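Residues per chain are reported as follows:
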Amino acid sequence: MNFDGEDLSRKALADRLPPDEPHVFRDCDLTETDLWGASLAEARFESCVLEQTDFRKADLDGAVFTGGGGMRTRFNDADLIDVTFTDVDLSSAQFGGALLTDVSFTGCRMIGASLTASRGTGFKIARSNLTLANLGGCSLRGEAIEGVRFDDADLSGCDFTEATFSDCRFIGTRLLNTKFAKADLRGADLGQPDDSKLRAFAGAIINQTQANAILAARGITVL
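Residues numbered from 1 in each chain as written. Predicted model: local features only at pLDDT ≥ 70, side-chain atom pairs only at ≥ 80, totals over all residues. Heavy atoms only, no water.

Colleague: Help me understand the overall build of the protein, please; the structure alone is not making it clear to me.
Modeller: A count of helical and extended segments in the protein gives two helices and eleven strands. Element order for the protein, N to C, with α for helix and β for strand: β-β-β-β-β-β-β-β-β-β-β-α-α. A principal-axis box enclosing the C-alpha atoms of the protein has dimensions of 70 × 25 × 20 Å. In the protein, which comprises 223 residues, the proportion classed as buried is 45%. Long-range contacts, defined as pairs at least 24 residues apart, comprise 4% of the intrachain contacts of the protein with a sequence gap of at least 6. Within the structure as shown, the protein displays about 10,200 Å² of accessible surface, and the carbon and sulfur contribution to it stands at 46%. If you average the places of the 23 positive and of the 34 negative side-chain charges in the protein, the two averages end up 7 Å apart. (Helix = DSSP H or I, 4+ residues; strand = E, 2+ residues; numbered from the N terminus. Buried < 20%, exposed > 50% of the residue type's maximum accessible area, 1.4 Å probe, protein only. Contact = heavy atoms within 4.5 Å. Areas by Shrake-Rupley, 256 points an atom, 1.4 Å probe, with all protein chains shown as cover. Lys, Arg positive; Asp, Glu negative; His and termini not counted. Charge placed at Lys NZ, Arg CZ, Asp CG, Glu CD.)

Encoded structure:
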């Protein structure tokens, strides 16, 4: 079923969608649309408004989101396997309890998004803004992470073991019990090297400039 440029805002659509065919939404307004528990496997969302759209408990396996987006989209307890988000505004989106397996976020605006308490084998993220996001307990173990801003984000309990960071920032980031063992941080801006960061970065790989900044913060001058 195809929807092109339709105003579907504040409508209950879950019961209107045939479960055995893919659905395409192009340039649609899905503001506060109720898709709770909907069968949306392999669905495509292209340049749609997703302001407070309710995808809770929906089956979104294989879905593709491109462009568009909005504030406070809800994916709680949804199934998201092999889902791709590209250039989507996911600010303040909620993923608590969602099954995230082989999900990719590329070029996304995820300010204030919450992925804590999500399930599954994890996700990939690149060239995205996660300022003020909450990733508490998530695993990005061994991932290559490029162009991600983690400013003021909560990464408590995250596992970045053996991950590689390039063009990333950790300014004001909360790193309580975060693991960076054997992670390559040489391409990252580590921000102010306070005690919590030094504990979190134990076992990580850093460059000489970063090491000098850490020592200078401890009152040690390297000549």
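Colleague: Sorry, what's going on with the side chain of glutamine 210 here?
Modeller: In this structure, glutamine 210 sits in helix α2 (residues 208-217). The class for glutamine 210 is buried, based on a relative accessible area of 9%. A distance of 2.8 Å separates the side chain of glutamine 210 from the backbone oxygen of alanine 188, its partner in a polar contact. Discounting chain neighbours no more than four positions away, the residues touching glutamine 210 are Leu185, Arg186, Ala188 and Leu190. (Polar contact = N/O pair within 3.5 Å; in protein donor to acceptor, adjacent residues only side chain to side chain.)

Colleague: Just checking my understanding: could you explain the nonpolar core for this structure?
Modeller: Among the nonpolar cores identified, the biggest contains 64 residues, and Phe85 and Phe165 are the most heavily contacted of them. The set of elements that each furnish at least two residues to this core consists of β7 (99-106), β8 (119-126), β10 (164-169) and β11 (184-189). Looking at which element gives the most residues to this core, the answer is β7, with three residues. Sequence-distant contacts of phenylalanine 165, that is, excluding residues within four places in its chain, are made with Ile145, Phe150, Phe160, Phe170, Phe180, Ala183, Asp184, Leu185, Gly187 and Ala188. (Core = buried A, V, L, I, M, F, W, Y, C linked by side-chain atoms within 4.5 Å.)

Colleague: Help me understand the environment of lysine 179 in this model?
Modeller: Looking at the secondary structure, you find lysine 179 in the loop between β10 and β11. Along the primary structure lysine 179 and arginine 141 are separated by 38 residues, whereas in three dimensions their C-alpha atoms are 9.2 Å apart. Sequence-distant contacts of lysine 179, defined by excluding residues within four places in its chain, comprise Cys158, Asp159, Phe160 and Thr161.

Colleague: Help me understand the pairing of β10, please; the structure alone is not making it clear to me.
Modeller: Successive residues of a regular strand alternate their side chains across the two faces of the sheet. When strand β9 (residues 144-146) meets β10, the two strands line up parallel, connected through three bridges. Residue pairing across strands places glutamate 146 opposite serine 166, the latter belonging to β10. With four bridges joining them, β10 and β11 adopt parallel strand pairing. In the sheet register, arginine 169 faces β11, and the bridge partner there is aspartate 189. (Pairing = 2+ DSSP bridges.)

Colleague: How do you make sense of α2 when you look at a structure like this?
Modeller: For α2, the N-terminal capping position is held by asparagine 207, with its side-chain oxygen 3.2 Å away from the main-chain nitrogen of threonine 209. Just downstream of α2 lies glycine 219, where phi reads positive at about 80 degrees.

Colleague: So what exactly am I meant to see when it comes to the environment of aspartate 159 here?
Modeller: Looking at the element boundaries, aspartate 159 is found in the loop between β9 and β10. Since its relative accessible area comes to 14%, aspartate 159 is described here as buried. For the pair aspartate 159 and glutamine 94, spaced 65 residues apart in sequence, the C-alpha to C-alpha distance is 20 Å. Residues in contact with aspartate 159, not counting those within four places in the same chain, are Cys138, Ser139, Leu140, Arg141 and Lys179. Within the structure, the side chain of aspartate 159 is placed 2.5 Å from the side chain of threonine 161, a separation counted as a polar contact.

Colleague: It is not clear to me how the side chain of threonine 131 should be interpreted in this structure. Could you clarify?
Modeller: Looking at where threonine 131 falls in the secondary structure, it is placed in the loop between β8 and β9. Among the residues examined, threonine 131 registers a relative accessible area of 16% and is labelled buried.

Colleague: For this particular structure, what's the right way to read the packing of aromatic side chains?
Modeller: For any pair of aromatic rings, geometry is given as the distance between the ring centres together with the angle between the planes. All chains considered together, the criterion is met by 24 aromatic pairs. Considering the side-chain rings of phenylalanine 55 and phenylalanine 65, the 5.8 Å spacing of their centres and the 85 degrees angle between planes classify their relative orientation as edge-to-face. Here the residue phenylalanine 55 occupies a position in the loop between β3 (44-46) and β4 (64-66), and phenylalanine 65 occupies one in strand β4, the gap between them amounting to ten residues. There is no split in this pair, since phenylalanine 55 and phenylalanine 65 are both buried. (Phe/Tyr/Trp six-rings, centres within 6.5 Å; stacked < 30°, edge-to-face > 60°.)

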